[in-house]
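Residues per chain are reported as follows:
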Amino acid sequence: MNIDLEQFRTTYINESMELLSDMEEKLLEIENGDDDVETLHAIFRCVHSIKGGAGAFGLDQITRFTHEFEYFLDHLREGKLHVDEQVMEILFKGRDIVEHMVVAAQNNTPLAENFGHEVAEKIARINQTQGSSAVAAPKEKKGEKPASASNTEEVNIYSIRFVPHEDLFTTGNEPVLLFGELSRMGDTRVQCRTDKLPDLEHLHAEQCYLWWEIDLDTTAGENEVREVFEFVEDVCDLEVLLIGGYSLPSTSAPKPQPLSEPSSTEKTADAIPVTQDASETEAQIAKAQPAATIRVDLDKIDRLVNMVGELVITQGMLYMQAQRIPRDTYPEILMGVEELAQHTRELQEAVMAVRMQPVKSIFARMPRIVRDLSKKLGKNIRLEMSGENTEVDKAIIEQLSDPLTHMIRNSIDHGIESPEKRREMNKPDQGRIHLSAASVGGRIEICIEDDGGGVNRQRVKELAITKGLIAENSNLTPEEIDHLIFAPGFSTAEKVTDVSGRGVGMDVVRKNIESIGGTTSVESTPGKGSRFVISLPLTLAILDGMAVRCGREQYIIPIANIIETMRPSSSSLSHLATGIDVINVRGEFIPLVYLYQVFSISGTEKNASKGLVVLVENGKEKFGIVVDELIGQQQVVIKSLEQNSDPVEGISGATILGDGKVSLILDTVALYRIGITASRDHLHSLKASA
Amino acid sequence: MGKKIITVDDSKTMREMVAFTLKSAGYDLVEAEDGQAALTVLQKEKVDLVITDLNMPNMDGLTLIRNLRGLPEYKFTPILMLTTEGDAGKKEEGKSAGASGWIVKPFNPEKLVQVVQRLCA
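Residues numbered from 1 in each chain as written. Chains lettered and ligands numbered in written order. Predicted model: local features only at pLDDT ≥ 70, side-chain atom pairs only at ≥ 80, totals over all residues. Heavy atoms only, no water.

### Here we look at the overall build of chain B
Note the following rule: We count a stretch as a helix when DSSP gives it H or I for four or more residues in a row; a strand needs E for two or more, and each element gets its number in order from the N terminus. A simple rule labels every residue: compare its accessible area, found with a 1.4 Å probe on the protein chains alone, to the largest value its type can have, and call it buried under 20%, exposed over 50%, or partly exposed in between. Throughout, a residue-residue contact means that at least one pair of heavy atoms, one from each residue, lies within 4.5 Å.
Scanning chain B from terminus to terminus reveals 5 helices and 5 strands. Shown N-terminal to C-terminal, the secondary structure of chain B runs as helices and strands in the order β-α-β-α-β-α-β-α-β-α. Residue burial in chain B is summarised as follows: out of 121 residues, 63% are buried. Considering only contacts in chain B between residues 6 or more positions apart, those separated by 24 or more positions represent 63%.

### Topic: helix 4 (residues 88-97) of chain B
Residue and element names in this part refer to chain B. Stated formally: Relevant arc is that of directions from the helix axis to the C-beta atoms, nothing else.
Taken as a whole, helix 4 has its buried residues at K91, G94, K95 and A97. All buried residues of helix 4 lie within an arc of 160° about the axis, which places them on one face of the element. Facing away from the buried surface of helix 4 by more than 90 degrees, the exposed residues are A88 and S96. Residues of helix 4 that are buried sit in contact with helix 3 (61-69), strand 4 (79-83) and strand 5 (101-104). With its phi angle positive at about 120°, G98 sits one or two positions after the end of helix 4.

### Here we look at the nonpolar core
To be explicit about the condition: Among buried residues, the Ala, Val, Leu, Ile, Met, Phe, Trp, Tyr and Cys ones that are joined through side-chain atoms within 4.5 Å form a nonpolar core.
In terms of nonpolar packing, the biggest core is built from 84 residues, with B:I6, B:L22 and B:L80 touching the most fellow members. Sequence-distant contacts of B:L80, defined by excluding residues within four places in its chain, comprise A:F231, B:L49, B:V50, B:I51, B:T52, B:G101, B:W102, B:I103, B:L112, B:V115, B:V116 and B:L119. A:V370, A:L400, A:I485 and A:I516 belong to the second largest nonpolar core, which has 42 residues in total.

### Some details on the confidence of the model for chain A
Atom-level detail of predicted coordinates should not be read off regions where pLDDT is low. Residues and elements named next belong to chain A. Threshold: What pLDDT expresses is the predictor's confidence in each residue, scored from 0 to 100.
Confidence along chain A averages 79 in pLDDT terms, with 84% of residues attaining 70 or more. Within chain A, the lowest mean pLDDT, 41, falls on helix 8 (residues 267-270), and the highest, 91, falls on strand 6 (residues 381-386). Scored below 50 in pLDDT, residues 136-150 shows 4 contacts in the model against residues more than four places distant or in partner chains. Contacts from residues 252-291, a stretch scored under 50 in pLDDT, to residues over four places away or in other chains number 43 contacts.

### Some details on the interface of chain B and chain A
For interface size, the figure often reported is the accessible area lost on association. Cut-off, in case you're wondering: The buried area of a pairing is the accessible area, by a 1.4 Å probe, that goes missing from both parts when the two are put together, added over both. Basic side-chain nitrogens of Lys or Arg form a salt bridge, by our definition, when they fall within 4 Å of a carboxyl oxygen of Asp or Glu.
Across the boundary between the two partners, chain B contributes 47 residues, which contact 49 residues of chain A. For the pair chain B and chain A, the two sides together bury roughly 4,200 Å², of which 57% comes from carbon and sulfur. Broken down residue by residue, the surface that chain B buries against chain A is led by B:N55, B:F76 and B:R118, which jointly contribute 19%. On the surface where chain B and chain A come into contact, there are 5 salt bridges. Of the charged contacts in the structure, one is a salt bridge between B:R118 and A:E230, with a shortest N-O distance of 4.0 Å.

### Quick notes on the pattern of salt bridges
All names here are of chain A. Scanning all chains against the criterion turns up 48 salt bridges over all chains. R355 serves as the salt-bridge partner of D393, at 2.9 Å between the closest nitrogen and oxygen. Separated by 38 residues along the polypeptide, D393 in strand 7 (residues 391-393) and R355 in helix 11 (residues 331-355) bring together distant segments of the chain. Assigned by exposure class, D393 and R355 land together as buried. One salt bridge in this structure joins E417 and R422, with 3.0 Å as the shortest N-O distance. Each member of the pair, E417 as well as R422, is classed as buried.

### Focus: the packing of aromatic side chains
Note on aromatic pairs: each is described by the distance of the centres and the angle between the planes. Residue and element names in this part refer to chain A. Convention followed: In this analysis, rings of Phe, Tyr and Trp, with Trp reduced to its six-membered ring, are considered paired at centre separations within 6.5 Å, and the interplanar angle assigns stacked below 30 degrees, edge-to-face beyond 60, and tilted for intermediate values.
Counted according to the given criterion, the structure contains 12 aromatic pairs over all chains. Consider the rings of F65 and F69, whose centres lie 5.7 Å apart with planes at 55°: the pair is tilted. With F65 and F69 both in helix 3 (residues 60-77), this residue pair falls 4 residues apart, about one helical turn. This pair shows no difference in class: F65 is buried, exactly as F69 is. Arranged with centres 6.3 Å apart and planes meeting at 85°, the rings of F486 and F532 form a pair that is edge-to-face. One end of the pair, F486, is in the loop between helix 17 (478-483) and helix 18 (506-515); the other, F532, is in strand 11 (residues 529-537), with 46 residues separating them in the sequence. Residue classification places F486 among the buried residues on the basis of a relative accessible area of 1%. Every member of this aromatic cluster is reached through a ring pair, and the members are F162, F179, W212 and F229.

### Topic: the sheet that holds strand 14 (residues 562-566) of chain A
Residue and element names in this part refer to chain A. We apply this condition: Two strands pair if DSSP finds at least two bridges between them. Axis definition: a line fitted to C-alpha atoms, limited for helices to the stretch in contact. Angles are taken between N-to-C directions and run from 0 to 180 degrees.
Spatial strand order, 14-18-19-17-16-15: 6 strands in an open sheet with mixed pairing. Pairing within the sheet leaves two strands with one partner each, and these edge strands are strand 14 and strand 15 (573-575). With strand direction ignored, the average angle separating the axes of adjacent strands in the sheet is 30°. Relative to strand 19 (residues 622-627), helix 20 (residues 668-675) is tilted by about 85°, and along the sheet it contacts strand 17 (588-594), strand 18 (612-617) and strand 19.

Below, the structure is given as structure tokens:
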């Protein structure tokens, strides 16, 4: 039989990652003073399970490291070692090393042979002082291989005397099965001896009075024969004697022999095991099937989501057509169509729910980041979390991790002050960061609140002026100043630290959040703290859009990008020398992009004052899109264009409207690039003189 | 109907590997994630062989074995314990608790089938 267990590798990797994240949580608990033995046991089990699986998949590096690590944890839970800073450091580092190894196994990228050896040696040294270490432990014995002769096979004849003690059955062992195993090793002749059988009145049904003599012809060695009796060696007297041997012409496979039935007297022993009524047992199996979870390939779910998207579109078309049917002639059709609409909506919600995952998976990484970073910066910070079970589309979760990590780092680095400074401000030494998630009106809000110094507005303004982001004499509200930290190329750190520096600022965070249809905002009170809010759509598959008309074409602009819509007076419009038109909105000059120019549409309104201007903000810039008419707000199902064509600049996707027409969804970032970027410098000079 | 075996292990990977291996060999499998869960299942349905890990949360393997041996219907049921090392101490403890046999993790699938056949036809 060839059983391949490689298919469980993915299960193993996933499980290990879960165990590692559990372990991290537990380590943080210990560091916070909860050194309950049960917690240590749980940590031990994490490492133990990872080790167990590693062996099965030949992941020797993991086996070796976790083996030593396990001894260390053992000393810890037995109280031989005590938790101190050095021990914590080893525990965290050890965990990280195991994680690296698991990830390497997942990606099939081998790590250096000596990966993690510094920590491993440190652990081994400590273990040796405690008396037991893998280094000193005896090697596991290897099973001996049967000697294979060249052309002939040497067959040994063994005479086996197997005399079970009376309590053999209490170990759950059954002699007849042992003979079965012997018969698979070669020819057997089994004889049952009944001379120890007492009178019926002295016979105890649960005890064994029989003994056996077995002759076995086999190519196996004595140790292999004895191994068959391994489990009963304490409850029997066993003799294995080599009484002879002969040579056989070599055959490729050992021939299994049918089990030669022991003589009929052994029936007494056979009657003992308790059997249950078969029908009763079957009924119980049916009841006991666990209603667990199943793992499904994400592709399959995406296909389902896509199909439901198509269904929603078809339903929309049907619904529109049905409106033309007179209600009193065909009331059943109309009722059916309405019911269909409702079921479709419910189906869509149900399918979306499959993709939903609690934000816990990313929140869980934050305590460690806070711990490591606050330690590095000499700050004392407590992280509180709430709403971890709030669910968001998996695709959004995947893309939320980096921005969120960055924002937390930002709060630790720039938000919370050093303990000394906090004391001066009459605040407790320990700073507090609160990370929360909540579902707010069809969107998810993730909130990062700290009780630090708040945005240093004076400093932000100075920096923005030096970097040319705002004019020297601009008159900004405090909120506008706070929002400058999201402006591209802005970083308030006095020096670039290796914490939140590296040129990646909050503008990148903002861009990433916006790429998944989210928005970012900040509220800050000087001296009291800041509150960052990320607002996210529940899913990436549906979008709230504004349908607009340009010529005979319809486009969708994501509602999240729209600030306001207006019909400008001709006096508010000016034409710049660079060829760009701008609109004066309450004193602010905002550039315009003519949709008909970008997509070469004929038969449209060319004068912005006769059309409509949709003011949008794409995270970096504000600009106006000139269109002919607004059609209305609607939820649209996003279809990717990239499966069917090369990417088109200015278009992020497509959708099918209720009337069956395809409508393109505008990509505001690209539109700005096509329409305006060239003259940005000119715009700055205009702003400066305003 | 094939013989029924329960695999008790807190590691899902291990449970699935044991189950897969033994299902391939024609056995029926039930799974439980710790001793407590196993005991609940086993009090409701009888199995022909118990395969249990030792180190588990809630109820460890040794406690499970002792509990099972205390139940009349499991007095003679073969119990195979999975140990991680060839740890003699654990093996002795297991034996005195009433284990029928043991197999060292990581197991080789063929070896597991062989040992299972030794304990349960």
